[in-house]
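# Understanding the architecture of this molecule
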Amino acid sequence: MTTIILAVCATLSTFKGGAFSTRSVMSQTQASDQWAFYQSKSIKGYLYEMQKEKLELEFKADNGRMPLTLAADYGQKIETYTNKIAKYEEEKTAIQKDAKRFEKIRDDAQKHSQAFGLAVIFLQIAILLSSVAALMKKKYVWLIGSAVGVVGIAYFINGFFLYF
């Protein structure tokens, strides 16, 4: 009976560990996508900053010699670029927040997956010892297997709640 209980716990540990492992990989992918999106916004913002600085330098170099309509166009373009730069900075903040949220999910899933992985190791050893004890009819081997099984079950429970 001990072997059956240990086998069920090992199977569930494997299943839950795999699910958390998948969640970890998916969250890492989503975080990477967000960071790539963040970089693209940074590059676009930087391009607008460079263009804005170029226009400002041209405008200053002219020393008031350019026609008023052209000066107004320069001013309008500089203001448009300033607004776009501010917009990209706001978007980058939101994207960064999402990326960090996905990284937190990934880290949490990795902790759960690790606990379930350790549970599987201990439960497999316990199943082995329990089976050997049944074949050899040695109670002390069964007791050792049961003790290892308790450790495995503790890690199995920890996989859900992360007590330690």
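Above this text is the structure in question.
Worth saying up front: this structure is predicted, and the values here are computed from it rather than measured.

Rules and cut-offs
Residues numbered from 1 in each chain as written. Predicted model: local features only at pLDDT ≥ 70, side-chain atom pairs only at ≥ 80, totals over all residues. Heavy atoms only, no water. Core = buried A, V, L, I, M, F, W, Y, C linked by side-chain atoms within 4.5 Å. Buried < 20%, exposed > 50% of the residue type's maximum accessible area, 1.4 Å probe, protein only. Helix = DSSP H or I, 4+ residues; strand = E, 2+ residues; numbered from the N terminus. Contact = heavy atoms within 4.5 Å. Phe/Tyr/Trp six-rings, centres within 6.5 Å; stacked < 30°, edge-to-face > 60°. Salt bridge = Lys/Arg side-chain N within 4 Å of Asp/Glu carboxyl O. Expected span 1.5 Å × (residues − 1).

### Notes on the nonpolar core
In terms of nonpolar packing, the biggest core is built from twelve residues, these being Leu6, Cys9, Ala10, Phe20, Ala109, Phe116, Ala119, Leu123, Ala126, Ile127, Val148 and Phe156. Elements that contribute at least two residues to this core include exactly helix H1 (2-62), helix H2 (68-136) and helix H3 (139-161). Take this core: its biggest share by element is six residues, from H2. When neighbours within four sequence positions are excluded, Leu6 is seen to be in contact with Leu123, Ala126, Ile127, Ser130, Gly149 and Ile153.

### Here's the deal with the packing of aromatic side chains
Overall, the coordinates contain twelve aromatic pairs when judged by the stated rule. Ring centres 5.9 Å apart and planes at 20 degrees place the aromatic pair Phe20 and Phe116 in the stacked group. Of the two residues, Phe20 sits in helix H1 while Phe116 sits in helix H2, which places them 96 residues apart along the sequence. Judged by relative accessible area, which is 10%, Phe20 ranks as buried.

### Digging into the pattern of salt bridges
Within this structure, the stated rule accounts for seven salt bridges. Between Lys92 and Glu89 there is a salt bridge whose closest N-O contact spans 3.1 Å. With a gap of three residues between them, Lys92 and Glu89 both fall in helix H2, about one helical turn apart. Looking at Glu89, the relative accessible area reads 37%, which means it is partly exposed.

### Some remarks on H3
Here H3 contains 23 residues, and its C-alpha end-to-end distance of 33 Å stays within 8% of the 33 Å for a straight helix at 1.5 Å per residue. Listed in full, the buried residues belonging to H3 are Val141, Gly145, Ser146, Val148, Gly149, Gly152, Phe156, Asn158 and Gly159. Those residues of H3 hidden inside the fold are in contact with H1 and H2. One or two residues past the end of H3 sits Leu162, with phi positive at roughly 50 degrees.

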